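Residues per chain, in single letters:
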Amino acid sequence: MSTAAIEMPPKGGFSFDLCKRNKMLAAKGLKQPSFLKTGTTIVGLIFKDGVILGADTRATAGPIVADKNCEKIHYMAPNIYCCGAGTAADTEAVTDMVSSQLKLHRYHTGRESRVVTALSLLKSHLFSYQGHVSAALVLGGVDVTGPHLHTIYPHGSTDTLPYATMGSGSLAAMAVFESKYREGLSRDEGVNLVAEAICSGIFNDLGSGSNVDICVITQGNQEYLRNHLLPNPRTYISEKGYSFSKKTEVLLTKITPLREMVDVIEGGDAMEE
Amino acid sequence: MNSVDSKPATSSLIGSEADSQRTLYPYVTGTSVVGIKYKDGILLAADMGGSYGSTLRYKSVERLKPVGKHSLIGGSGEISDFQEIMRYLDDLILSDNMWDDGNSLGPKEVHNYLTRIMYNRRNKFNPLWNSLVLGGVKNGQKYLGTVNMIGVHYEDNHVATGFGNHLARPLLRDEWHENLTFEEGVILLEKCMRVLLYRDRSAVNKLQIAKITEEGVTISPPYALKTFWNFSAFENPTLGAEGSW
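Conventions and cut-offs
- Residues numbered from 1 in each chain as written.
- Chains lettered and ligands numbered in written order.
- Predicted model: local features only at pLDDT ≥ 70, side-chain atom pairs only at ≥ 80, totals over all residues.
- Heavy atoms only, no water.
- UniProt positions renumbered as here; feature names shortened; annotations may be inferred.
- Helix = DSSP H or I, 4+ residues; strand = E, 2+ residues; numbered from the N terminus.
- Buried < 20%, exposed > 50% of the residue type's maximum accessible area, 1.4 Å probe, protein only.
- Contact = heavy atoms within 4.5 Å.
- Pairing = 2+ DSSP bridges.
- Axes fitted to C-alpha atoms, helices over the stretch in contact; angles between N-to-C directions.
- Left-handed = near helix turned anticlockwise from the far one by under 90°.
- Nonpolar A, V, L, I, M, F, W, Y, C, P; charged D, E, K, R; others polar.
- Polar contact = N/O pair within 3.5 Å; in protein donor to acceptor, adjacent residues only side chain to side chain.
- Buried area = accessible area lost by both parts, 1.4 Å probe.
- Salt bridge = Lys/Arg side-chain N within 4 Å of Asp/Glu carboxyl O.

1. Section: the UniProt feature "active site" (unreviewed entry) in chain A
Residues and elements named next belong to chain A.
Inference 1: As recorded in UniProt, the feature "active site" (unreviewed entry) lies at Thr40.
Inference 2: Residue placement: Thr40 occurs in the loop between α1 (19–27) and β1 (42–47).
Inference 3: Looking at Thr40, the relative accessible area reads 0%, which means it is buried.
Inference 4: If near-sequence neighbours (up to four positions away) are discounted, Thr40 is found in contact with Asp56, Lys72, Gly84, Ala85, Met166, Gly167, Ser168, Gly169, Asp205, Gly207 and Ser208.

See below:
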């Protein structure tokens, strides 16, 4: 019997190898790079005909706003969308990954994806990384069994709720939901309530800001309302536009088209086998 | 005594006398207080819970108290420190009455006095572990202010302490307006207290609402809020999602 270890193919994804070294360096005083977090207010609610998801659009890197208009509502399947809070890279990567897995699953089964499938894939992935994948998600969709709304925490636990909020602005948004949510809301009432909750997060939480994105999912239909509300326009824009100082003389305006870098040779040699 | 343990003494038995007298952590705490200005004066709301860590130990703690003729105070945080503050305020009002000059301390003056006490204690590293709301009316002028254990103080049309800042202030910013009637003010405060009851683990469903106007102070008897738990999604949360919870 061979005593050498069996060669395992690299599994990909998170490698815990450097954690010990990072911890040692941090203890010695090394400043860790701050990651791009999405601060965030994300919400979801179930209304009469389906699910409405909402999110703000501010991405922060520490105290700085890194992206004023990012997209936090991620596509999972034609009938399932997912809002993400926490580390931006983690939410993007994990929702992309599960979205691909769902597509393959759809090809395999020939059926529309179910929300519980996405839920199970996400929660088992997050649990196996023991909370190091910092993604807090609000997953919503409508499938053959009806409308569903779930929250998923970074450590892998989930909740099934009629209305949910996540992110740093979740308390401000939840205050709005707890005082105004009723069952059987119409589409417009639902959209207005979601917008109100996100605005509550935008104006009362420093980690959330800019605009409101909304996604309405119903049986067989979805509407992605990007920048549904823009409550933070630039207030002062100079009407004059930008004018060059008088000393600047425009001598010549010439536009040079860039030369094509690639020369396509017709009928060149075929690649060697 | 320290032959085995070579670490520096940290317990109050071995440390200096002064150390054992400081407030290092709160023990019995009250949760949020919410206050708003309305047409005729100020409305404050607070529940009657005194938590001992994660146990709801005392359920009849009065956290709203009148101060002199013109003010109302609401206290959250360490209950024993709040009682000490009431003693300071009683002495203050007594001294003021002894002048017998027809003047009486208004809410602005009391708020300033409290701020000085809190800030000075903080500077001595021996804080009174409270966040206070001070409201009142004097000569038609309404005043609502807050001060906390590090001495941060400000006045506003609506204030809240603790969790109230996160859950009640957003609602108040949206729905408060000048010239609320008494009924509208109570409805607004109850809305805030209900959200706090749902979402703050140290809240109890037994609250008091206190009103102060030019005429005087009224503190309501304790009562409970109606809550709603009958969402169909709560009845069978895993319908269509077997295996999850």
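2. Digging into the sheet that holds β1 of chain A
Paired through their backbone hydrogen bonds, the strands of a sheet run either parallel or antiparallel.
Residues and elements named next belong to chain A.
Inference 1: Taken in spatial order, the five strands line up as β10-β1-β2-β11-β12 in an open sheet, and their pairing is antiparallel. On the outer flanks of this sheet lie β10 (163–166) and β12 (221–229), each paired with one strand and no other. Here the average twist between neighbouring strands, direction ignored, is 10°.
Inference 2: Strand contacts of helix α5 (residues 187–204): β1, β2 (50–55), β11 (212–218) and β12, with the helix running at about 150° to β11, the strand carrying the most contacts.

3. Concerning the packing of helix α4 (residues 170–180) of chain A against α5 of chain A
Residue and element names in this part refer to chain A.
Inference 1: Where α4 meets α5, the closest approach of the two axes is 7 Å, and the angle between their N-to-C directions is 145°. Pair α4 / α5 crosses with right-handed handedness. On α5, the residues touching Ala172, Ala173, Val176, Phe177 and Lys180 of α4 are Leu193, Val194, Glu196, Ala197, Ser200, Gly201 and Asn204.
Inference 2: Considered class by class, the residues forming the contact of α4 with α5 number seven nonpolar, three polar and two charged.

4. Notes on the pairing of strand β6 (residues 64–67) of chain B
Inference 1: Inspection of the sheet shows β6 of chain B paired to strand β7 (residues 71–78) of chain B by four bridges, in the antiparallel sense. Paired with Leu64 of chain B across the strands is Gly74 of chain B, a residue of β7 of chain B.

5. Digging into the environment of Glu78 of chain B
Residues and elements named next belong to chain B.
Inference 1: By the secondary structure assignment, Glu78 is in strand β7.
Inference 2: Judged by relative accessible area, Glu78 falls into the buried class, the value being 7%.
Inference 3: For Glu78, the contacting residues outside a window of four places in its chain are Pro26, Tyr27, Val28, Thr29, Trp129 and Asn130.
Inference 4: Within the structure, the side chain of Glu78 is placed 2.8 Å from the side chain of Ser80, a separation counted as a polar contact.

6. Side note on the interface of chain A and chain B
Inference 1: Taken residue by residue, the interface counts 27 residues in chain A and 23 residues in chain B.
Inference 2: Here chain A and chain B share an interface that buries about 2,000 Å² over both sides, 61% of which is from carbon and sulfur atoms.
Inference 3: Along the contact surface separating chain A from chain B lie two salt bridges.
Inference 4: Across the pair Glu178 of chain A and Arg199 of chain B runs a salt bridge whose closest N-O atoms are separated by 2.8 Å.
Inference 5: Where chain A meets chain B, there are four residue pairs in polar contact (both at pLDDT 80 or more).
Inference 6: Broken down by secondary-structure element, the contributors of at least two residues to the side of chain A that touches chain B are α3 (115–128), β8 (146–152), β9 (158–160), α4 and α5 of chain A.
Inference 7: Split into classes, the residues belonging to the side of chain A that touches chain B amount to twelve nonpolar, nine polar and six charged.

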